[in-house]
Amino acid sequence: MSRTIMLIPTSAGVGLTSVSMGVLRAMERKGVKVSFYKPVSQPRSGGDQPDLTSTIVAANSTIKIGEPMPMSVVDNLISSDKMDELLETVVERYNQVNKESEVTLIEGLVPTRKHPFANSVNAEIAATLGAEIVLVATPGTDNPSQLKERIEVACSNFGGTKNKKISGVIINKLNAPVDDAGRTRPDLSEIFDDADSAKKNQLEVMQIFNSSPIRVLGCVPWSIDLIATRAIDMAKHLNAEVVNEGDIKTRRIKSITFCARSLPHMIEHFKPGSLLVTSADRPDVIVAASLASMNGVEIGAILLTGGYDMPKEIVDLCKPAFDSGLPIFKAQGNTWQTSLNLQSFSLEVPANDKERIEFVNEHVAGHIDGNWIDSLTEGAEMSRRLSPPAFRYQLTEFARKAGKRIVLPEGDEPRTVKAAAICAERGIATCVLLGNPAEIKRVAEQQGVTLGAGIEIIDSDKVRENYVERLVELRGAKGMTEVVAREKLEDSVFLGTMMLEADEVDGLVSGAVHTTANTIVPPFQIIKTAPNASIVSSIFFMLLPDQVLVYGDCAINPDPNAEQLAEIAIQSADSAAAFGIDPRVAMISYSTGESGKGADVDKVREATRIAQEKRPDLVIDGPLQYDAAIMENVAASKAPNSPVAGKATVFVFPDLNTGNTTYKAVQRSADLVSIGPMLQGMRKPVNDLSRGALVDDIVYTIALTAIQAAQAK
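Bear in mind that the values here come from a model prediction, so they are computed numbers and not experimental data.

Re the overall build of the protein
Summing up its helical and strand segments, the protein has 29 helices and 25 strands in all. On C-alpha atoms alone, the protein measures out to a radius of gyration of 28 Å, which is about the 27 Å that the 2.2 N^0.38 rule sets for 713 residues. If one aligns the C-alpha atoms of the protein with their principal axes, the spans along those axes are about 85 × 70 × 50 Å. Taken across its 713 residues, the protein has 54% of its residues classed as buried. When contacts within the protein are restricted to residue pairs at least 6 apart in sequence, those whose partners lie at least 24 apart make up 74%. Accessible area of the protein: about 31100 Å², with a carbon and sulfur share of 50%. Side-chain charges in the protein split into 73 positive and 90 negative, and the spacing between the mean points of these groups amounts to 1 Å.

In structure tokens form, the structure reads like this:
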């Protein structure tokens, strides 16, 4: 039987949309089939604008969503004493989304001065739908005891604390920067954004609620990244003229500095994510900010006030900084007028800001009680699906349990440094950064990254000599001498590979600045293949909207023969199973079944036979065309008796040309995330990155490598 959970805010400003998104993500992580319904649209700007949460969920997931009622319609029904009619509409729309769901999440109305009826309407809807109530609150200026008392008072609107339908409370914005009136004040974030303080407050909250009948189902700490808006959104709000576009669509604003003081007193504010507001006739500020940007400090943007144009001489002087991506935009008003406009900027996340939405989802989901999420589907018999959020969550959980050390030879590369910090924060792996310690720390500081516990920095120059003798021993038959060995070990990938060979680390990840050949040749020469492997191949995990597929081999082998293709199929199936994907292997060709003739399709047919003979425990079929492998209606006509057609999860391509082209076409056309390539068949795990890899790509590749290392043991 399905469950219905209703999130009801105790007041305005609790971050209800963020909590709804996080709870949905927490359910997705566990493979729960969930639907979402906001009965009444309540946009912050008023009127009958689209509901924010519904819009975000619709634009960024495949979750089934109910249609909200416009607030104007609800106002009329309530003022006309037609609550029954309102509730009938709510039930009708609710029934349209909950039929095939294990859980339906309902988002309640926020009590405001315009909508004082919110609590009574929420209570009526919860009772009508038989929903379990989860209150959403924020501490504001309250201490834990005051917060507990306030939440228990809020329960009186819904039958009191003894009401068994009240499941608990989610506390949001713990340790948030607030003023004396309890309003969130991001400009105070430097005072409040303290991880140790947040942990202390979280512990106090949990302890104080031990004596309350209200269970804490989540305690979400404040993070400045939750409201880090894109520079382009700030420019649009100000109706500003873009002077230099740069990275305006991706740079994030985390703090605002009005550059009204002398330069020496402002330098400390020239940091990653800063919006520097200055009059255009302050060339000293513009030049100093440009110099910081050229030195690697990712300043959020420069906002010019007063309506002046920058002098041409300054533009020419600062051109290298402008070309490096520094966004600059110009507002017509003076600095005072601009400051007032900035104060009215909405901190709500836009529905098209996928990166920030993903951060909100993951951050909030990471602080929701997992046992509560598990309890929502107790006794349910629906099959679990491995959605992309579930897959990513599974990756990080497996990696945490593995507890491995992964060497990153590109230790001073900015994305790699950020990824290492994220891995350390999440406990994914201990990252070993190779390089010059001073340079690594400088890059970290420029990126606003703290290198603490969970990260090791190894000075390449100090350890290189330790591996010369062993490299000569391993490669002496190939003409390796001490002189050549020292030269080879100048290459950080070679050095990292020797550390892996010596069991000083458990895996290696490279490729953010190195080519694939630079990354995989040293391991091929030194680590070599696993004892039971005849070939090294690769797979990509393709994160489709509602499932995860495995593609192999799309990165290594140009034209494998039938025996090699069979080995790739077996390796890919085993890898899929290791990461929680039920392997149903489709051997892809331009022809399905026995209809095609020619050397290429014959190779796939033979490879299928060999793989089936070697591993009768695996479900493998081929040759299959791609559409027959993935689409049930096509499979029904082309391969009606196939155990794989229409429901394949592992796709093995006949050659590199087909595999690489297909993976890139699917990835780009469908705008989906792919993780990989993950190498298979190595004696110890080594993985290659794309040189265009994002920070998240590196994080998940590190997680993959840690899991592989655990499996190898």
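Quick look at the environment of Leu7
Relative to the helices and strands, Leu7 is located in strand E1 (residues 3-9). A residue is classified by how much of its surface remains accessible, and Leu7, at 0% relative accessible area, is buried. On a C-alpha basis, the gap between Leu7 and Lys330 in space is 42 Å, while along the polypeptide they are 323 residues apart. Look past the residues within four positions of Leu7 in its chain and what remains in contact with it is Leu16, Val19, Ser20, Val23, Leu105, Ile106, Glu107, Gly108, Val134, Val136 and Ile170.

Thoughts on the UniProt feature "domain: DRTGG" (unreviewed entry) in the protein
The sites that UniProt annotates as "domain: DRTGG" (unreviewed entry) are residues 233-344. Taken end to end, residues 233-344 comprises 33% helix and 21% strand; its first and last C-alpha atoms sit 13 Å apart.

Observations regarding a negative patch on the surface
Taken together, the side chains of Asp81, Asp84, Glu85, Glu88 and Glu124 define an acidic patch exposed on the protein surface. Top element by residues in the negative patch is helix H4 (residues 83-98). It accounts for three residues. Take Glu88: it is sitting in helix H4. Residue classification places Glu88 among the exposed positions, given a relative accessible area of 56%.

A few points about the sheet that holds strand E25 (residues 686-688)
Taken in spatial order, the five strands line up as E17-E16-E15-E18-E25 in an open sheet, and their pairing is parallel. In this open sheet, the two strands that pair with only one neighbour each are strand E17 (455-459) and E25. Averaged over all adjacent pairs, the angle separating strand axes in this sheet is 25°, with direction ignored. Here strand E18 (residues 507-510) pairs with E25 via three bridges, running parallel. The residue bridging Ser510 from the neighbouring strand is Asp688, located in E25. Most of the contacts of helix H17 (residues 414-426) go to strand E16 (residues 430-435), to which it runs at about 155°, and overall it touches strand E15 (405-408), E16 and E17. Running over the sheet, helix H23 (residues 516-526) touches E18 and E25 and is turned about 165° from E25.

Quick look at helix H16 (residues 388-402)
Its 15 residues give H16 an end-to-end C-alpha distance of 21 Å, which sits within 8% of 21 Å, the value for a rise of 1.5 Å per residue. For H16, every residue scored as buried is listed here: Pro388, Pro389, Ala390, Phe391, Arg392, Gln394, Leu395, Thr396, Ala399 and Ala402. In the core, the buried residues of H16 are packed alongside helix H1 (16-29), helix H14 (354-365), strand E19 (537-543), strand E20 (548-552), strand E24 (673-680) and helix H29 (695-712). Backbone geometry just after H16 places Gly403 at a positive phi near 60°.

Let's talk about the packing of H1 against H14
The N-to-C vectors of H1 and H14 enclose an angle of 70°; their axes lie 7 Å apart at closest approach. The orientation of H1 relative to H14 falls into the category roughly perpendicular. In this structure, H1 contributes Ser18, Val19, Met21, Gly22, Arg25, Ala26 and Arg29 to the contact, and H14 contributes Ile357, Glu358, Val360, Asn361, Glu362, Val364 and Ala365. Residue composition of the contact of H1 with H14, by class: seven nonpolar, three polar and four charged.

Looking at the pattern of salt bridges
The final tally for this structure, using the stated rule, is 42 salt bridges. Lys33 serves as the salt-bridge partner of Glu100, at 4.0 Å between the closest nitrogen and oxygen. Highlighted residues: Glu100 in the loop between H4 and strand E4 (103-107) and Lys33 in the loop between H1 and strand E2 (34-37), separated in sequence by 67 residues. When the shortest N-O distance is used, the salt bridge between Asp369 and Arg215 registers 2.9 Å. Residue Asp369 is found in the loop between H14 and helix H15 (370-375), and its partner Arg215 is found in the loop between helix H8 (195-208) and strand E7 (216-221); the two are separated by 154 residues along the sequence. You can call Asp369 partly exposed: its relative accessible area is 22%. Overlapping salt bridges bring together Arg25, Glu28, Arg29, Glu358, Glu362 and Arg392 as one network.

Some remarks on the domain arrangement of the protein
On domain assignment, one finds that the protein holds domain 1 (3-222), domain 2 (229-344), domain 3 (386-528 + 690-708) and domain 4 (533-681). Domain 3 and domain 4 are separated by 29 Å when their C-alpha centres are compared. In this complex, domain 3 contributes 15 residues to the contact, which on the side of domain 4 involves 17 residues. Counting across the interface, domain 3 meets domain 4 through zero salt bridges. Linking domain 3 with domain 4 are two residue pairs in polar contact (both at pLDDT 80 or more).

Quick word on the nonpolar core
Phe391, Phe541, Met587 and Ile702 are the most contacted members of the largest nonpolar core, which has 60 residues in total. Tallying contributions element by element places H29 first for this core, with nine residues. Looking at this core, you find at least three residues from each of domain 3 (386-528 + 690-708) and domain 4 (533-681).

Overview of the side chain of Glu501
With respect to the helices, strands and loops of the structure, Glu501 is situated in helix H22 (residues 492-501). Overall, the relative accessible area of 12% leaves Glu501 in the buried class. If we skip the residues at most four places from it in the chain, Glu501 touches Arg470, Leu474, Ile526, Ile527, Arg683 and Lys684.

Quick notes on the pairing of strand E13 (residues 301-305)
With five of five residues buried, E13 is to be regarded as a mostly interior element. Alternating residues of E13 divide into Ala301, Leu303 and Thr305 and Ile302 and Leu304, and every residue in both groups is buried. Bridge analysis of strand E12 (residues 274-279) against E13 gives five bridges, and the strand direction is parallel. Directly across from Val277, in E13, lies its bridge partner Leu303. Following the chain from E12 across helix H10 (residues 283-294) to the adjacent parallel E13, one finds a crossover that is right-handed. Of the strand pairs in this sheet, E13 and strand E14 (residues 328-330) are connected by three bridges, and their pairing is parallel. Across the sheet, Leu303 pairs through a bridge with Phe329, a residue of E14.

Quick notes on the packing of aromatic side chains
What the rule picks out here adds up to seven aromatic pairs. Pairing Phe541 with Phe579 gives two aromatic rings, centres 5.2 Å apart and planes at 65°, and the pair type is edge-to-face. Here Phe541, found in strand E19, pairs with Phe579, found in the loop between helix H24 (562-578) and strand E21 (584-588); they are 38 residues apart in sequence, far enough to count as distant. The class for Phe541 is buried, based on a relative accessible area of 0%. On the basis of relative accessibility, which here comes to 1%, the residue Phe579 falls in the buried class.

Calculation rules
- Residues numbered from 1 in each chain as written.
- Predicted model: local features only at pLDDT ≥ 70, side-chain atom pairs only at ≥ 80, totals over all residues.
- Heavy atoms only, no water.
- Helix = DSSP H or I, 4+ residues; strand = E, 2+ residues; numbered from the N terminus.
- Rg over C-alpha atoms; globule rule 2.2 N^0.38 Å.
- Buried < 20%, exposed > 50% of the residue type's maximum accessible area, 1.4 Å probe, protein only.
- Contact = heavy atoms within 4.5 Å.
- Areas by Shrake-Rupley, 256 points an atom, 1.4 Å probe, with all protein chains shown as cover.
- Lys, Arg positive; Asp, Glu negative; His and termini not counted.
- Charge placed at Lys NZ, Arg CZ, Asp CG, Glu CD.
- UniProt positions renumbered as here; feature names shortened; annotations may be inferred.
- Patch = residues over 30% accessible without salt bridge, like charges linked within 9 Å, V, L, I, M, F, W, Y side chains within 5 Å.
- Salt bridge = Lys/Arg side-chain N within 4 Å of Asp/Glu carboxyl O.
- Pairing = 2+ DSSP bridges.
- Axes fitted to C-alpha atoms, helices over the stretch in contact; angles between N-to-C directions.
- Expected span 1.5 Å × (residues − 1).
- Parallel < 35°, antiparallel > 145°, perpendicular 65-115°, else oblique.
- Nonpolar A, V, L, I, M, F, W, Y, C, P; charged D, E, K, R; others polar.
- Domains from an automatic or database assignment.
- Polar contact = N/O pair within 3.5 Å; in protein donor to acceptor, adjacent residues only side chain to side chain.
- Core = buried A, V, L, I, M, F, W, Y, C linked by side-chain atoms within 4.5 Å.
- Right-handed = clockwise from strand over helix to strand, strands pointing away.
- Phe/Tyr/Trp six-rings, centres within 6.5 Å; stacked < 30°, edge-to-face > 60°.

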